[in-house]
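Per-entry structural report
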Amino acid sequence: MTIPIDYSRITELFCTAHEEGRDFLYEYEVYTLLASSGAETPPKANLIPRGARPSDEELMAIPGDKAVIKIVSPTIVHKTEVRGVRIVEKTPERIRSAVRRMLYEVPENYAAYIERNPDHAPEPYKGLRGETLQAAISRDLKGVLQVQFMPPDSSAFGNELIVGLRRTREFGTVISAGLGGTDTELYAERFRKGQAIVAASTELTDEDAFFELFRKTISYRKLAGLTRGQQRIVTDEQLVECFGSFIRMAKYFSDANPEAPFIIEELEINPFAFTDYLMVPLDGLCRFSVPQPAGNARPVQKIHNLLHPKSIGIVGVSTTRRNFGRIILDNVLNEGFAPEKVTVFRPGAAEGDTIAGARCLSDLAALGLDESGQRVAPENALDLFVVAVGAAQVSDLVDDVIRLGAAKTVMLIPGGMGETEESRERAERIIARIDEEHGKGDGGPVFLGANCMGVVSRPGNYDTWFIPEQKLPKDRSGTYHRAALVSQSGAFMLHRSSQSPELRPAYMISMGNQTDLTLGDMVTYFKDSDAVDVIAVYAEGFNDLDGLAFCRAVREAVIAGKEVVFYKAGRTPEGKSATSGHTASLAGDYMVCESCVRQAGAIIARTFTEFQELFLLAEKLYGKKVNGTRLAAVSGAGFEAVGMADSIHSDDYRMELATYAPATVNAIKEILKTKRLDGLVTVTNPLDINPAADDEAHAEIARLLAEDPGVDAVVISLDPLSPSVHTLDSPDVPEFSMHEAGAITKRIAAVAAKCDKPIIGVVDGGRLFDPMRAEVMSSGVPVFSVCDRAIGSLAIYIEGRLRADILRACSNGCNKR
């Protein structure tokens, strides 16, 4: 779509305002901006400056029988609340009367509002009261705007539209659209997610993709006449053009455009009303800023050295107690990393000193300097240097590492690096020093942390977690999944590992405060990794614009065929406060974050439990075909069958119960007849196969359902408590032993191995059946303890896979949907 946007004219508006010391446009200037944007023509408007005496001809020049009078002030955003908007008969007398009344009454009304709500006072008015406050407000009034009155086709609920751009700290510019008017915030709060307002990153969308997102809202249904008693008042083409205009302006005046003369901080039209198929802006605001220089690029290619080091150095190892440094050393060596490739740094260490077979050196310079005597020789530099000392010592160590070129990557374990007000100055000083080095030569070392648990790299044969093995037993069987778990919280990752040892990703990385390396950097690395198919991320907050970098990397990973699972903490004001005190994160607007990351192609988890489950499904089902949402559900317990049916719909997902092919129904009936269950079981979906169904019946019915072309996935309860199924870890009791040749654990594994569709098992029983769960899980079949969790998580996973398929198809040249 071609949209004629006059960027030069818009830039002139910003230049004029900037020269006047303003970082915002007045409403009449916003209308000029819209007129230059290629979108709908705004109403005619005339500014009446304070103290001016316009002629009758000037007051009558704007068309219409009525006139809209609006106060113009740099500080009054919500004009209606202070009676700063009036509609009057269009005669010179009525207009003059309204103007004079407004110039006196608005300061009184606004002053009264500020005194009732002092927290809402603009900065210039804080601490002022009474006549002093009124005088300050009056002094700032620029005048009154006379606007053409264009009566809307309808004043019914839902017939006003808000469209806006907002520059976010993490994701750059975001476009949003939805139910407009004075109650926009209420609609967004009260309506189900995605129904009142939708948002997307302008760098990751276009007008067609955003329109498809908007089509799902109540706002679109009202505007398009799709609700009872409603008529269409705007065309789809008008909406698409409007969204396209906003998105193009956002991309031009954004951080992502290195040539941008200004940055749009916020541009909002609230509302657009509709008159005879015209989109009429009734109010607008715009704030802008001057571009700031970007920081230096981080040499993220060195993440490979971090995850696959050939040499490791550690500082902070005690010889007398098991402090964090000593536990880290033990864990590194226990994972099989060669002790001769490990160096421990201890002040006063003598030549030949060792700890657990690792050599000891007194300081970094002892690694061996080059001919200049100023820097460590490149061949002697460490791939990874682990810092496990107190925060007060970190700054000097960072200086030493950089000055000497002693390491390619550095892991900062200690906290006290930005989590509190007192430690922020220290953290800022270190960040500035690291950034300075990134602007030189090869970019210097990259830093992981601070306040992190470090890395478990199974391909790299090392583990820097400071958790004793007695509290977190290690499975060193050598088997692991082609997956990476990246977590801003080390404790979150630790607890997931303890609760779900079956996850076993190849890499587990604790990001901590993101002093240097960021979540976006790590996903950028793994999107190109041949060792990883699945990336799971727990985030508390993003560094400046790293949310956008993260989303771009997620999209590239998904288009490349990988799967990304994502959980964002800090959804509530209380949650945001808690995260900022944890890893020095800056937790932003959750709705924006979720929208952008989902748009990029990630599968979004709503809870910690769901994150574990989605990660498990991604690991186990990667490579299985997902063609749709048609589910076959099976159980030997009636309550489970009902529970499965009740779980296929929610506010966040929707599955459908598959209709079985006649051949499938007949084949199941034959099995039931052979097992003498035909008089007890009716073939339906969900299928209650009765507690008398044995191992073979369960497995064969699962096989038949998976082979049905009308079925996309199968969830089957393995009925652990049934007397007819072998489910116990009891070799001495063959009647119930899962070690028997025909046990369900072996049969369902064989069925799943030959099937290219998802098959999910449910083992709803106590701890007695943990060995059964582990056995089935180890065969590649995901297992859940309750059926509703199995259905819910599978539904979210499948919908995520289907969205990813659309992204891949679009990237290959199909029309955007």
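Residues numbered from 1 in each chain as written. Predicted model: local features only at pLDDT ≥ 70, side-chain atom pairs only at ≥ 80, totals over all residues. Heavy atoms only, no water.

Here we look at the overall build of the chain
The number of helices and strands found in the chain is 25 helices and 31 strands. On the principal axes, the C-alpha backbone points of the chain span a range of 105 × 85 × 50 Å. For the chain, with 817 residues in total, the buried portion stands at 56%. For the chain, the proportion of contacts with a sequence separation of at least 24, taken over those separated by at least 6, is 70%. When the accessible area of the chain is evaluated, it comes to approximately 35,000 Å², of which 49% is carbon and sulfur surface. Charge-centre separation for the chain: the mean point of 90 positive side chains lies 1 Å from the mean point of 112 negative side chains. (Helix = DSSP H or I, 4+ residues; strand = E, 2+ residues; numbered from the N terminus. Buried < 20%, exposed > 50% of the residue type's maximum accessible area, 1.4 Å probe, protein only. Contact = heavy atoms within 4.5 Å. Areas by Shrake-Rupley, 256 points an atom, 1.4 Å probe, with all protein chains shown as cover. Lys, Arg positive; Asp, Glu negative; His and termini not counted. Charge placed at Lys NZ, Arg CZ, Asp CG, Glu CD.)

As for the nonpolar core
Residues Met411, Ile509, Met522, Phe526, Phe550 and Phe566 are the most contacted members of the largest nonpolar core, which totals 154 residues. At ten residues, helix 25 (residues 787-811) tops the list of elements feeding residues into this core. Ignoring sequence-local partners within four residues, the contact set of Phe526 consists of Leu307, Ala484, Val486, Tyr507, Ile509, Val532, Ile535 and Lys562. Counting 50 residues, the second-largest nonpolar core is a separate cluster that includes Tyr31, Val147, Ile233 and Met249. (Core = buried A, V, L, I, M, F, W, Y, C linked by side-chain atoms within 4.5 Å.)

Section: the sheet that holds strand 13 (residues 342-345)
Strand order in the open sheet formed by seven strands is 14-15-13-12-16-17-18, with mixed pairing between adjacent strands. Of all the strands in the sheet, the pair left with one neighbour each is strand 14 (354-355) and strand 18 (446-449). (Pairing = 2+ DSSP bridges.)

A closer look at the packing of helix 19 (residues 608-621) against helix 25
Viewed as axis vectors pointing N to C, helix 19 and helix 25 meet at an angle of 60°, and their least axial separation amounts to 10 Å. Put simply, helix 19 runs oblique to helix 25. Crossing handedness for the pair helix 19 and helix 25: right-handed. Counting all contacts with helix 19, which are made through Thr609, Glu610, Glu613, Leu614, Leu617, Ala618 and Leu621, the residues of helix 25 involved are Arg789, Ser793, Leu794, Ile796, Tyr797 and Arg801. In the contact of helix 19 with helix 25, the residues fall into seven nonpolar, two polar and four charged. (Axes fitted to C-alpha atoms, helices over the stretch in contact; angles between N-to-C directions. Parallel < 35°, antiparallel > 145°, perpendicular 65-115°, else oblique. Left-handed = near helix turned anticlockwise from the far one by under 90°. Nonpolar A, V, L, I, M, F, W, Y, C, P; charged D, E, K, R; others polar.)

Considerations on the sheet that holds strand 5 (residues 143-148)
Sheet strands associate in pairs through backbone hydrogen bonding, adopting either a parallel or an antiparallel arrangement. If you trace the four strands from one edge of the open sheet to the other, you get 2-5-3-4, paired in antiparallel fashion. A strand with exactly one partner marks an edge of an open sheet, and here the two such strands are strand 2 (45-49) and strand 4 (85-89). Averaged over all neighbouring strand pairs, the angle between strand axes comes to 25°, with direction disregarded. As defined by bridge partners, strand 2 adjoins strand 5 across five bridges and the pair is classed as antiparallel. Considered in strand 5, the bridge of Leu47 is made with Leu145.

A look at the pattern of salt bridges
Applying the stated rule across the entire model yields 53 salt bridges. As a salt-bridge pair, Arg169 and Asp544 come within 3.1 Å of each other at their nearest N and O atoms. Placement of Arg169 in the loop between strand 6 (161-168) and strand 7 (172-179) and of Asp544 in the loop between strand 23 (534-539) and helix 16 (546-559) is noted, with a sequence separation of 375 residues between them. With relative accessibility at 56%, the residue Asp544 sits in the exposed group. The partner of Arg801 in a salt bridge is Glu563, with the nearest N and O atoms 3.3 Å apart. Of the two residues, Arg801 is situated in helix 25 and Glu563 in strand 24 (residues 563-568); the sequence distance between them amounts to 238 residues. When sorted by exposure, Arg801 lands in the same class as Glu563, which is buried. In this structure, a network of salt bridges that share partners links the residues Asp399, Arg433, Glu436, Glu437 and Lys440. (Salt bridge = Lys/Arg side-chain N within 4 Å of Asp/Glu carboxyl O.)

Description of helix 14 (residues 490-499)
Within helix 14, burial applies to Gly490, Phe492, Met493, Leu494, Arg496 and Ser497. Close packing links the buried residues of helix 14 with strand 21 (481-487), strand 22 (505-510), strand 23 and helix 19. Of the residues that open helix 14, the one with a side-chain oxygen 3.4 Å from the backbone nitrogen of Ala491 is Ser489. (Polar contact = N/O pair within 3.5 Å; in protein donor to acceptor, adjacent residues only side chain to side chain.)

Regarding the side chain of Arg808
Inspection of the secondary structure puts Arg808 in helix 25. Within the structure, Arg808 has its side chain in polar contact with the side chain of Asp805 (distance 3.0 Å). Apart from the residues within four sequence positions on either side, Arg808 is in contact with Val558, Ile559, Gly561 and Lys562.

Quick word on the environment of Asp400
By the element assignment, Asp400 lies in helix 12 (residues 394-404). Take Asp400: its relative accessible area is 28%, and that puts it in the partly exposed class. Along the sequence, Asp400 and Ala365 sit 35 residues apart, while their C-alpha atoms lie 8.7 Å from each other. With near-sequence residues (within four places) excluded, Asp400 lies in contact with Leu364 and Gly405.

Structural notes on the packing of aromatic side chains
For the coordinates displayed, the defined rule picks out 30 aromatic pairs. Summarising the aromatic geometry, the rings of Tyr525 and Phe526 are spaced 5.2 Å apart at their centres and angled 75° between planes, so their arrangement reads as edge-to-face. Here Tyr525 matches Phe526 in class, with each residue buried. Relative to Phe566, the ring of Phe542 lies with its centre 6.5 Å away and its plane at 15°, an arrangement referred to as stacked. On the criterion of sequence distance, the pair formed by Phe542 in the loop between strand 23 and helix 16 and Phe566 in strand 24 is long-range, its members being 24 residues apart. Here Phe566 falls in the buried class, since its relative accessible area comes to 1%. Grouping aromatic residues by their ring pairs yields a cluster made of Tyr7, Phe14, Tyr252, Phe253, Phe262 and Phe288. For the cation-ring pair, Arg496 lies above Phe492, with the distance from its terminal atom to the ring centre recorded as 4.7 Å. (Phe/Tyr/Trp six-rings, centres within 6.5 Å; stacked < 30°, edge-to-face > 60°. Lys NZ or Arg CZ within 6 Å of the ring centre and 35° of its normal.)

Observations regarding the packing of helix 23 (residues 744-754) against helix 24 (residues 770-778)
As a packed pair, helix 23 and helix 24 sit with axes 9 Å apart at the nearest point and diverge in direction by 25°. By the criterion of interaxial angle, the relationship of helix 23 to helix 24 is roughly parallel. Crossing of helix 23 over helix 24 shows right-handed handedness. On helix 24, the residues touching Ile744, Thr745 and Ile748 of helix 23 are Met772, Glu775 and Val776.

A word on unusual backbone geometry
That bond from Gly449 to Ala450 is cis: its omega, 0°, falls within 30 degrees of zero. Note on placement: Ala450 falls in the loop between strand 18 and strand 19 (455-457). For the bond running from Asn685 to Pro686, omega is 5°, close enough to zero to count as cis. As for its placement among the helices and strands, Pro686 is situated in the loop between helix 21 (662-674) and strand 28 (687-688). The phi torsion at Ala356 lies on the positive side, around 55°, for a residue other than glycine. On the secondary structure map, Ala356 appears in the loop between strand 14 and strand 15 (358-361). Despite not being glycine, Arg504 shows a phi value in the positive range, around 40°. You can see Arg504 is positioned in the loop between helix 14 and strand 22. Residue Arg504 is classed as buried on the basis of its relative accessible area of 12%.

Looking at the environment of Ile559
Relative to the helices and strands, Ile559 is located in helix 16. Ignoring any residue separated from it by four or fewer positions in sequence, one finds Ile559 in contact with Leu807, Arg808 and Ser811.

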